[in-house]
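Letter by letter, the chains look like this.
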Amino acid sequence: MPKNVRGDSGPEPVSDATPVLNPAVAPTPKPDTGPTPETNAPPESAQGAAFTKPASTGSAPEPAPRYRFDTIKVRGAYDPKDHNYAFNVPIYQTASYEMGSTQRGERLFRQEELGFLYTRVGNPTIDVLERRVAELDGAAASIALASGMAAVSHSILNLADAGDHIVSSPWLYGGTFDLFKSILPRYGINVSLATSLAPDDIKKQLRPNTKALFIESIANPRGSVADISTLANLAHEAGIPLIVDNTFATPYLVQPIKHGADVVVYSATKGLSGHGTVIAGLISESGKFNYTNGKFPQFTDRGFTLRDRADNFRSFAEVFPATPFTVRVRLALLNYLGAALGPFDAYLVLLGLETLSERLEKQLATVRQLVDYLQGNEFVSWVEYSSLPDSPNYPLAQKYAPRGSGTIFSFGFAGTLAQQERFIDSVRLFSYQVNVGDAKSLIVNSAKTTHSELTSKEQQAAGLAPEVIRLSVGLEDPRDLIEDLDQAFTATFGRRPERRSIGREARQAVGQKNRQAAGQADQ
C-alpha cells in the first residue's frame with residue numbers, strides 16, 4: 001500500500017505529509033536502505049515527489065492510486081515492507097534510536113536526512129498516526145501530542161508570544177475557556193472572546209497584535225456549527241490563520257481545511273479513537289498559510305539549531321517551507337515542553353481510527369431517534385441539534401456537516417435543579433462522566449461539570465443555562481437508550497412523560513411553564 005494514499009473526500013493532501021524527527025515529510029525510514037548522500041537538501045520524498053510503484057512492464061512508474069476516506073483510515077501512511085512486513089502497525093516501544101555512524105548523526109541533526117532520534121519528538125508508530133490523520137484531513141502535515149489540551153495550547157503558543165493577542169469564539173470547551181481566561185494571560189498572551197461568530201463581532205475584537213482566530217467547528221456543548229469559510233476569509237484579510245478545534249466533528253463529518261482553515265486541532269481521546277481508553281491530541285496544518293507575511297517572526301528568524309554546514313543560520317520558513325507550523329511545534333515546543341504521546345497510545349488511536357466512519361454512521365442514526373424522542377417529551381423544553389430543520393443553525397449544518405452535526409447534543413431539562421440531579425442519578429445505561437465520543441453513551445450537566453470553570457455570567461454569555469444536559473451517543477441499541485431516559489424521567493416526575501408533537505417555540509414555552517410551576521423561573 002503506497003504511503004501517501006490520497007482521498008477524494010476533501011482537498012488533495014500535499015504529498016510531503018507529516019514530518020518525522022528532523023521534520024520535513026517523508027515515508028518511515030526503511031531499515032535496509034544505505035546511507036543518504038551528504039547534501040543540504042532533504043531527500044527527494046521530502047521535497048514532494050510522489051510515491052510510486054514500479055510498473056509491471058518495467059518502464060514508466062505507475063502514479064499513486066487515489067484512495068477514499070474509508071481506505072485511508074485503515075491503510076493510509078503504512079507499508080508493511082517498511083516494517084518487517086508486519087501486517088498491523090507495530091508498537092515501537094523504544095526511547096531512542098541508533099544513529100549508525102557519526103556521519104549519519106550529523107546529517108540527522110542538520111536536517112539533511114530524515115530519521116528518528118528520540119521518541120519524545122518522533123517515533124515510527126506515532127509517525128503512521130500523524131501521516132494517516134494528515135491524509136484524512138487533507139493536510140500538509142500533522143503532529144501528535146499527549147492530549148487534546150496540548151494540541152490547543154501548542155497551536156496558540158506556536159503563533160503568539162508575550163504581548164500578542166488571540167480572538168476566540170465564545171462557544172468553547174470549558175478547559176479551553178479556562179486556558180484562554182486564566183493561564184495564557186499569565187504569560188502575556190491575551191484572548192478576547194467575541195460575543196458571537198458574526199463577522200462584525202469578530203472584526204470588533206481584532207487588533208494589530210492579533211495572531212490567530214480560534215473556533216470550534218461544532219461547539220461544545222450546544223453543538224452549533226461555525227461558518228468556517230466566512231471566518232477563514234475574515235482571518236486571512238487580517239493576515240492571521242484560522243484555528244479550528246474539530247474534535248466533535250472528526251474529519252469524517254467536517255474537513256475544516258477544505259473550507260479554508262489553516263490549523264486543525266483534535267482531542268483524539270474523543271471520536272477519533274472512540275473507545276475511551278487513551279488520552280491523545282493532534283494538530284494538522286493546511287500548508288497554505290503564509291507565515292512570512294511579517295506578523296510571525298518566529299518562523300522567519302534565523303536560528304543556530306537550523307544552521308547549515310557552513311554555519312549559516314536558517315529559519316523554519318527557509319528549511320521547511322511546506323510545513324513550517326508543524327515543524328516548529330515539533331522542534332521548538334514538543335521538544336522542550338515535552339507533551340509527548342507514547343507509541344502504545346498512538347497504536348490505540350490507530351485502532352479506533354479504523355472504525356471511525358462505521359461508528360459515526362450508527363451513532364448518527366441513534367442521535368436522530370433520541371432527538372425525536374426528546375422533541376416530543378413534555379419534560380424537555382428544547383433540543384439543540386444543528387441538523388434539525390427548525391434549528392437556526394440548520395443551513396450551516398447542511399453546508400459543513402451534511403452527514404450530521406455530530407454525535408453530541410444538548411437538551412433543556414424542564415424542571416428544577418434538584419429534579420435535574422434526580423434525573424441524572426436515575427439513568428441506568430447512560431454513564432455520568434465528562435468524556436464524549438465514546439462507544440458508550442454518556443450524560444452530563446455541563447454547567448456543573450465540563451463548564452464549571454465559567455462564572456454564571458460567563459455561562460450565560462456562552463448560551464449555557466443551568467438547564468442544559470449534554471448527551472454523547474454511543475453504540476448501544478437506541479431503543480434501550482430511549483427506555484433508559486424514559487424510566488429516568490418517570491422516576492423524577494412520578495409519571496411517564498407524555499409525547500407531544502409541538503414546535504420549537506411551543507416546547508420552550510412548555511419548559512418555562514414547567515420550571516415556573518416547580519418554583520424556578522426560566523433563566
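These numbers come from a predicted model, not from an experiment.

Cut-offs and rules
- Residues numbered from 1 in each chain as written.
- Predicted model: local features only at pLDDT ≥ 70, side-chain atom pairs only at ≥ 80, totals over all residues.
- Heavy atoms only, no water.
- Pairing = 2+ DSSP bridges.
- Helix = DSSP H or I, 4+ residues; strand = E, 2+ residues; numbered from the N terminus.
- Axes fitted to C-alpha atoms, helices over the stretch in contact; angles between N-to-C directions.
- Contact = heavy atoms within 4.5 Å.
- Buried < 20%, exposed > 50% of the residue type's maximum accessible area, 1.4 Å probe, protein only.
- Polar contact = N/O pair within 3.5 Å; in protein donor to acceptor, adjacent residues only side chain to side chain.

1. Describing the sheet that holds strand 2 (residues 165-168)
Pairing is mixed across the open sheet formed by 7 strands, whose spatial order is 1-7-6-5-4-2-3. Of all the strands in the sheet, just strand 1 (141-145) and strand 3 (190-193) have a single pairing partner and so form its edges. Each strand axis lies, on average, 20 degrees off the axis of its neighbour in the sheet, ignoring direction. Helix 3 (residues 124-137) contacts strand 1, strand 6 (263-267) and strand 7 (281-285) of the sheet and is inclined by roughly 130 degrees relative to strand 1.

2. As for helix 7 (residues 228-237)
Here helix 7 has its buried residues at I228, S229, L231, A232, L234 and A235. Structurally, helix 7 contributes buried residues whose contacts are with helix 6 (199-205), strand 4 (210-216), strand 5 (242-245) and helix 14 (394-400). Just downstream of helix 7, G239 is the residue with a positive phi angle, here 75 degrees.

3. Some remarks on the environment of S101
If you trace the backbone, S101 turns up in the loop between helix 1 (69-75) and helix 2 (102-109). By relative accessible area, which is 32% here, S101 ends up partly exposed. Polar contacts involving the side chain of S101 include one to the main-chain amide nitrogen of R104, which spans 3.0 Å.

4. Some details on the pairing of strand 6
Most of strand 6 is tucked away, with 5 of its 5 residues classed as buried. Neither face of strand 6 is exposed, since V263, V265 and S267 on one face and V264 and Y266 on the opposite face are all buried. Bridge count between strand 5 and strand 6: 3 bridges; the pairing is parallel. Along strand 6, the bridge assignment pairs I243 with V263.

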